[in-house]
Amino acid sequence: MMKRMPYPYKDNCKDYEKGDSKRQCNSVCNQKKISKFCNCSIPYGILEADRFCNYTNVTELCCVYQGQKEYGLAITCKCPLECESVSFDLKISSGVWPAKPENLDSVYSKQTIEVLRENMIKVRIYFDTLEQLTYEQKAMFEDSEVLSQVGGQMGLWLGLSLAAMFECLENIVLLWHYRKQHSRENIER
């Protein structure tokens, strides 16, 4: 599962309505472009159309192919990523069934293994693992943390600047006081 951050964050994801997705958005967008490019719509597309492309007509078939080829390379559809998306890793394996005649129920024992292999199939669907990974984006700083950081930095640098300024002022006053005292001693002598 992937959880992304919406605008103003980098991914600018969108919460699609149920049954809608980025893939469907791109499909609709490309169908509209091909419809505009070829003056006909893809027959098995999502959009309803006045006229579907006739694939027996070589000109229309080439137009659709060319449209898909051109628009496939330079898709300008504005379809943001889903804010929440779920994906599954699929593994497909196959084998000969039944492997041995001893593994069969009594219902199938009257038929030969070859007939069973040609006419029947055994399907097993299961989870490879029950592990679920969730990748969730989080803001590096929350709004309050940003203000806190800015305030802290300003306090640090302004505090140092004020301390340095007062130190300089103190040195000037001490220097002035020292010179004043030395000048009185020189005058009295």
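Just above sits the structure.
This structure is a prediction, so every number in the text was calculated from the model and none was measured.

Regarding the pattern of salt bridges
Piece 1. Inspection of the entire model under this criterion finds 1 salt bridge.
Piece 2. The partner of lysine 91 in a salt bridge is aspartate 128, with the nearest N and O atoms 2.9 Å apart. Of this pair, lysine 91 sits in the loop between β2 (84-85) and α3 (113-119) while aspartate 128 sits in the loop between α3 and β3 (135-136), placing them 37 residues apart in sequence. Just as lysine 91 is exposed, aspartate 128 falls in that class too.

Overview of the sheet that holds β3
Piece 1. Sheet architecture is open: 3 strands sit in the order β2-β1-β3, paired in mixed fashion. Of all strands in the sheet, those bounded by a partner on one side alone are β2 and β3.
Piece 2. Bridge analysis of strand β1 (residues 2-3) against β2 gives 2 bridges, and the strand direction is antiparallel. Along β2, the bridge assignment pairs methionine 2 with serine 85.

Considering the side chain of glutamate 82
Piece 1. By secondary structure assignment, the location of glutamate 82 is in the loop between α2 (58-73) and β2.
Piece 2. No salt bridge is formed by the buried glutamate 82; the nearest opposite charge belongs to arginine 4, separated by 4.9 Å.
Piece 3. Separated by 3.1 Å, the side chain of glutamate 82 and the backbone nitrogen of lysine 22 make a polar contact.
Piece 4. With sequence-adjacent residues up to four places away left out, glutamate 82 is seen in contact with Arg4, Cys13, Lys14, Tyr16, Ser21 and Lys22.

Thresholds, definitions, all that
- Residues numbered from 1 in each chain as written.
- Predicted model: local features only at pLDDT ≥ 70, side-chain atom pairs only at ≥ 80, totals over all residues.
- Heavy atoms only, no water.
- Salt bridge = Lys/Arg side-chain N within 4 Å of Asp/Glu carboxyl O.
- Helix = DSSP H or I, 4+ residues; strand = E, 2+ residues; numbered from the N terminus.
- Buried < 20%, exposed > 50% of the residue type's maximum accessible area, 1.4 Å probe, protein only.
- Pairing = 2+ DSSP bridges.
- Lys, Arg positive; Asp, Glu negative; His and termini not counted.
- Polar contact = N/O pair within 3.5 Å; in protein donor to acceptor, adjacent residues only side chain to side chain.
- Contact = heavy atoms within 4.5 Å.

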